Amino acid sequence: MVVSMIQMIFEIPDVESIKDKRKIVRSVKDKLQRQFHMSAAEVDLQDSLSFAHIGGALVSNSRSFGESVLNKAFSMIEQEIPVRIQDVQIYSEEF
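None of the values given here were measured: they were computed from a predicted structure. (Residues numbered from 1 in each chain as written. Predicted model: local features only at pLDDT ≥ 70, side-chain atom pairs only at ≥ 80, totals over all residues. Heavy atoms only, no water.)

Asker: How do you make sense of helix α1 (residues 18-36) when you look at a structure like this?
Answerer: An α-helical turn contains 3.6 residues, so any two residues separated by three or four positions project in the same direction. When the terminal C-alpha atoms of α1 are compared, their 26 Å separation across 19 residues agrees well with the 27 Å that a helix rising 1.5 Å per residue should span. Within the span of α1, buried status applies to K21, V25, V28, K31, L32 and F36. The buried residues of α1 occupy an angular sector of 120° when the element is viewed end-on, so they sit on one face. Turned more than 90 degrees away from the buried face of α1 sit K19, K23 and R34, all of them exposed. In this structure, the buried side of α1 is in contact with β1 (2-11), β2 (39-44), β3 (51-60) and α2 (63-80). Following α1 by one or two positions, H37 has its phi on the positive side, about 50°. (Helix = DSSP H or I, 4+ residues; strand = E, 2+ residues; numbered from the N terminus. Expected span 1.5 Å × (residues − 1). Buried < 20%, exposed > 50% of the residue type's maximum accessible area, 1.4 Å probe, protein only. Arc of directions from axis to C-beta. Contact = heavy atoms within 4.5 Å.)

Asker: Can you help me understand a nonpolar patch on the surface in this one?
Answerer: On the surface, a nonpolar cluster with roughly 370 Å² of combined accessible area is contributed by M1, V59 and F95. Tracing the sequence through the fold places V59 in strand β3. (Patch = residues over 30% accessible without salt bridge, like charges linked within 9 Å, V, L, I, M, F, W, Y side chains within 5 Å. Areas by Shrake-Rupley, 256 points an atom, 1.4 Å probe, with all protein chains shown as cover. Salt bridge = Lys/Arg side-chain N within 4 Å of Asp/Glu carboxyl O.)

Asker: What is the right way to look at the nonpolar core in this model?
Answerer: One recurring pattern in soluble globular proteins: nonpolar side chains tend to sit buried together. Counting 22 residues, the largest nonpolar core has M8, F10, I12, L32, F36, M38 and I77 as the members making the most contacts within it. Of all the elements in the fold, those that place two or more residues in this core are β1, α1, β3 and α2. In terms of residue count, α2 provides more of this core than any other element does, six residues in total. If we ignore the near neighbours within four places in the chain, the residues touching L32 are M8, H37, M38, A40, I54, A73, M76 and I77. (Core = buried A, V, L, I, M, F, W, Y, C linked by side-chain atoms within 4.5 Å.)

Geometric values such as these leave the question of function open.
Given below as structure tokens:
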């Protein structure tokens, strides 16, 4: 069993309230869960107005498959969500 994980820190420009930020973060989490069948959560920076830290995980039987899905998820966020990616890390652990 392989657990592939992604962590992303991104800036959300032009947000004027925590409510607006939460709407964008919820949209990112929902898309990750729906399109890529992975778990996703806001793991840090909840009180920051301009930044969000999202973590996601996917269980599979192949490191290459898991990391491939996470790279596709990252590309989707880059292309479809109006955020500026500050940092992204993708890694896997075998059990």
